[in-house]
Amino acid sequence: MNKTFSVIITTYYRNDLLVRAVKSVLCQTYRDFEIIIIDDSKNRHAEQTVLTLQKKTKSVIRYISSGGVKQGGARNLGFKNAKGDLIAILDDDDLWVENKLEIEFNTLKKYNFNVIVYGGRTLHNLEGEKIGEYLPKYSLLASHMIKLFNFVAFPALAFRKSVFDKVGFLDETLCTHEDWDFLNR
């Protein structure tokens, strides 16, 4: 198993949040990753921000402009350009705990899983104060549970790139819930 994660971050006119999100990836204890930033604006809004991040961090950060294809299309563009065998998704307004990729890699390897889903999440206000927390109640996610409602956020999963061969990419015709559709497939 190739142990490289391709971290896909889509962004849409939120450069300040994008910088924060990228920094949370760069602080990971697991270091074998590339970052692919998909700028979903029509005018390459995040390009200069990404160039600055590349120079400052000297990390493997790739910039791709989607030209404004919306969330599903932007993520698919990232998936199709991923060089790693493992995929992790981060939204530009989210952050990861520092050992997220390490836990995911070890779990994928130990149990030979194709997909691992879900983790807890902590909600913070704009001042950084914790205002809520959700911790998973189940250690095994049954397929019937995901059909009931969309409770899994994309940034809370990791999967092998080979999953696309079995279920396809995100449905770009959907305006919302393309993640839920993908997880159900």
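Conventions and cut-offs
- Residues numbered from 1 in each chain as written.
- Predicted model: local features only at pLDDT ≥ 70, side-chain atom pairs only at ≥ 80, totals over all residues.
- Heavy atoms only, no water.
- Helix = DSSP H or I, 4+ residues; strand = E, 2+ residues; numbered from the N terminus.
- Buried < 20%, exposed > 50% of the residue type's maximum accessible area, 1.4 Å probe, protein only.
- Axes fitted to C-alpha atoms, helices over the stretch in contact; angles between N-to-C directions.
- Parallel < 35°, antiparallel > 145°, perpendicular 65-115°, else oblique.
- Left-handed = near helix turned anticlockwise from the far one by under 90°.
- Contact = heavy atoms within 4.5 Å.
- Nonpolar A, V, L, I, M, F, W, Y, C, P; charged D, E, K, R; others polar.
- Salt bridge = Lys/Arg side-chain N within 4 Å of Asp/Glu carboxyl O.
- Phe/Tyr/Trp six-rings, centres within 6.5 Å; stacked < 30°, edge-to-face > 60°.
- Lys NZ or Arg CZ within 6 Å of the ring centre and 35° of its normal.

Examining the environment of Leu183
- By secondary structure assignment, the location of Leu183 is in helix H7 (residues 178-184).
- A relative accessible area of 19% places Leu183 in the buried class.
- Between the C-alpha atoms of Leu183 and Phe154, which are 29 residues apart in sequence, the distance is 9.3 Å.

So, the packing of helix H1 (residues 15-26) against helix H2 (residues 47-57)
- For the pair H1 and H2, interaxial distance at closest approach is 11 Å and the crossing angle is 30°. Between H1 and H2, the interaxial angle falls into the category roughly parallel. Between H1 and H2 lies a crossing of right-handed hand. The segment H1 lies against H2, with Asn15, Leu18, Val19, Val22 and Leu26 engaging Thr49, Val50, Leu53 and Thr57.
- Broken down by class, the residue content of the contact of H1 with H2 amounts to six nonpolar, three polar and no charged.

A few points about the pattern of salt bridges
- All chains considered together, the criterion is met by eight salt bridges.
- The closest approach of N and O atoms between Asp92 and Arg14, which form a salt bridge, is 2.5 Å. Note that Asp92 is positioned in the loop between strand S4 (86-91) and helix H4 (100-111) and Arg14 in the loop between strand S1 (5-11) and H1, a separation of 78 residues in sequence.
- Residue class for Asp92 comes out buried when judged on its relative accessible area of 2%.
- In this structure Arg14 comes out as partly exposed when scored by relative accessible area, which is 32%.
- Of the charged contacts, one joins Glu104 and Lys100 as a salt bridge, the two residues approaching to 2.4 Å between their closest N and O atoms. Highlighted residues: Glu104 and Lys100, both in helix H4, separated by four residues, approximately one helical turn. With respect to burial, Glu104 and Lys100 carry one shared label: buried.
- Via salt bridges that share partners, Arg14, Asp92 and Asp93 belong to a single interconnected network.

Some points on the packing of aromatic side chains
- What the rule picks out here adds up to nine aromatic pairs.
- Plain terms: the ring middles of Phe159 and Phe164 are 5.4 Å apart, the flat faces sit at 80° to each other, and that makes the pair edge-to-face. Take Phe159 and Phe164: they sit in the same class, and that class is buried.
- In textbook terms, an aromatic cluster arises when at least three aromatic residues are bridged by ring pairs, as seen for Phe79, Phe159, Phe164, Phe169 and Phe182.
- Directly above the aromatic system of Phe169 lies the positively charged group of Lys80, at a separation of 5.0 Å from the ring centroid.

Digging into helix H3 (residues 70-80)
- Here H3 has its buried residues at Gly72, Gly73, Ala74, Arg75, Asn76, Gly78 and Phe79.
- Buried residues along H3 sit in contact with S1, strand S2 (33-39), S4, strand S8 (157-160), helix H6 (163-167) and H7.

Considering unusual backbone geometry
- For Lys58, which is not glycine, the phi dihedral falls at a positive 55°.
- Mapped onto the elements, Lys58 comes out in the loop between H2 and strand S3 (61-65).
- You can call Lys58 exposed: its relative accessible area is 76%.
- The backbone of Lys70 shows a phi angle near 80°, a positive value even though the residue is not glycine.
- Looking at the element boundaries, Lys70 is found in helix H3.

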